[in-house]
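# Chains, contacts and geometry: an overview
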Amino acid sequence: MNFLAHFFLSGDDPALMTGNFLADFISNREVNELPEEIRRGIVLHRQIDQYTDAHEAVRQSIQRLYPRHRKYAPVLVDVYYDYFLIHNWAQFTTEDFAAFRERAYAALRLYLPAMPPSLHSRVLGMVQADWLSSYGVYEGLEYTFMRMKSRTSMPEQLEGAVETLKVFREEMDAEFRWFFPEVVGFVGGK
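Quantities reported herein were computed from a predicted structural model and do not represent experimental measurements.

### Re the overall build of the protein chain
Regarding its fold elements, the protein chain presents 12 helices and 0 strands. For the protein chain, the α and β elements follow one another from N to C terminus as α-α-α-α-α-α-α-α-α-α-α-α. In terms of overall size, the protein chain behaves like a compact globule, its C-alpha atoms giving a radius of gyration of 16 Å where 190 residues would be expected to give roughly 16 Å. Overall, the C-alpha framework of the protein chain stretches about 40 × 35 × 30 Å when taken along its three principal axes. Going through the 190 residues of the protein chain one by one, you find that 48% of them count as buried. Within the protein chain, counting contacts between residues at least 6 apart in sequence, those at least 24 apart form 70% of the total.

### Focus: the packing of helix α6 (residues 73-87) against helix α12 (residues 169-188)
Running from N to C, α6 and α12 point in directions that differ by 80°, and their axes come no closer than 10 Å. Accordingly, the angle class assigned to the pair α6 and α12 is roughly perpendicular. Residues Val77, Tyr80, Tyr81, Tyr83, Phe84, Leu85 and His87 of α6 lie in contact with α12, whose contacting residues are Arg169, Met172, Asp173, Glu175, Phe176, Phe179 and Phe180.

### What to know about the environment of Trp178
The topology assignment puts Trp178 in helix α12. Overall, the relative accessible area of 36% leaves Trp178 in the partly exposed class. Along the chain, Trp178 and His69 lie 109 residues apart, while their C-alpha atoms are 23 Å from each other. The contacts of Trp178, once residues within four sequence positions are left out, are His55, Glu56, Ala57 and Gln60. Of note is the side chain of Trp178, whose polar atom sits 3.4 Å from the side chain of Glu182.

### Focus on the side chain of Thr144
Within the fold, Thr144 resides in helix α10 (residues 138-149). In this structure Thr144 comes out as buried when scored by relative accessible area, which is 4%. Excluding anything up to four places from it in sequence, Thr144 contacts Val79, Ser134 and Tyr135.

### Description of the environment of Met115
With respect to the element layout, Met115 can be found in the loop between α7 (97-111) and α8 (120-129). For Met115, a relative accessible area of 3% corresponds to the buried category. Taking the C-alpha atoms as reference points, Met115 and Glu30, separated by 85 residues in sequence, lie 8.8 Å from one another. When residues no more than four places from it in sequence are discounted, the contact partners of Met115 are Thr18, Leu22, Leu108, His120 and Val123.

### Comments concerning the nonpolar core
Within the largest apolar cluster, 64 residues are counted, with the highest numbers of intra-cluster contacts made by Phe7, Tyr80, Met126, Leu132, Phe145 and Phe180. For this core, the leading source of residues is α6, giving 10 residues. Sequence-distant contacts of Phe145, that is, excluding residues within four places in its chain, are made with Leu76, Val79, Tyr80, Leu158, Ala161 and Val162.

### Re the packing of aromatic side chains
Summed over the entire model, instances satisfying the criterion amount to 22 aromatic pairs. Measuring from centroid to centroid gives 6.2 Å for Tyr80 and Phe145, while their planes differ by 85°, and the two rings are edge-to-face. Of this pair, Tyr80 sits in helix α6 while Phe145 is found in helix α10, placing the two residues 65 residues apart along the sequence. In this pair, the class of Tyr80 matches that of Phe145, namely buried. Taking 6.5 Å as the distance between ring centres and 65° as the angle between the ring planes, the aromatic pair formed by Phe179 and Phe180 counts as edge-to-face. With respect to class, Phe179 is no different from Phe180; both count as buried.

What counts and what doesn't
Residues numbered from 1 in each chain as written. Predicted model: local features only at pLDDT ≥ 70, side-chain atom pairs only at ≥ 80, totals over all residues. Heavy atoms only, no water. Helix = DSSP H or I, 4+ residues; strand = E, 2+ residues; numbered from the N terminus. Rg over C-alpha atoms; globule rule 2.2 N^0.38 Å. Buried < 20%, exposed > 50% of the residue type's maximum accessible area, 1.4 Å probe, protein only. Contact = heavy atoms within 4.5 Å. Axes fitted to C-alpha atoms, helices over the stretch in contact; angles between N-to-C directions. Parallel < 35°, antiparallel > 145°, perpendicular 65-115°, else oblique. Polar contact = N/O pair within 3.5 Å; in protein donor to acceptor, adjacent residues only side chain to side chain. Core = buried A, V, L, I, M, F, W, Y, C linked by side-chain atoms within 4.5 Å. Phe/Tyr/Trp six-rings, centres within 6.5 Å; stacked < 30°, edge-to-face > 60°.

Below, the structure is given as structure tokens:
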């Protein structure tokens, strides 16, 4: 899953939210330099990723995308699932989405001094551009995939990612609604 779902699965703990966000951007050496409360979020992130990778609904979503998007199919599913979380938000929480985003961004700002300096501009850019809300609209997804293309070895495999979402929207929404309550339960049991 992508940033939004990882933030969501961290509950109300700002340090857990921060670690859950940082996990994909930080080396093992850098992890050891972080406060314990943030390291717990990194561990949670890795547990969520393992659970997600093994879940049948997620594997079905990836398999559906593989013929067109090959090795980037799992990455696209991560982003698509954030899209579906926004569109199914009221099924999982009564918290207002805008209030949730501000809480997530506040957690990142609070723990910015503990992060490696190399991440400061990325984090501040994310907050300023409100990446979390951009995952809920096609234009925001287009921008996300454009940024990804500039950092990948095979950008052509990301071509048409939004069109793919439109084509498989119903099926993938159903897979998301199967998967997400189960990952919420998995995290709740930790």
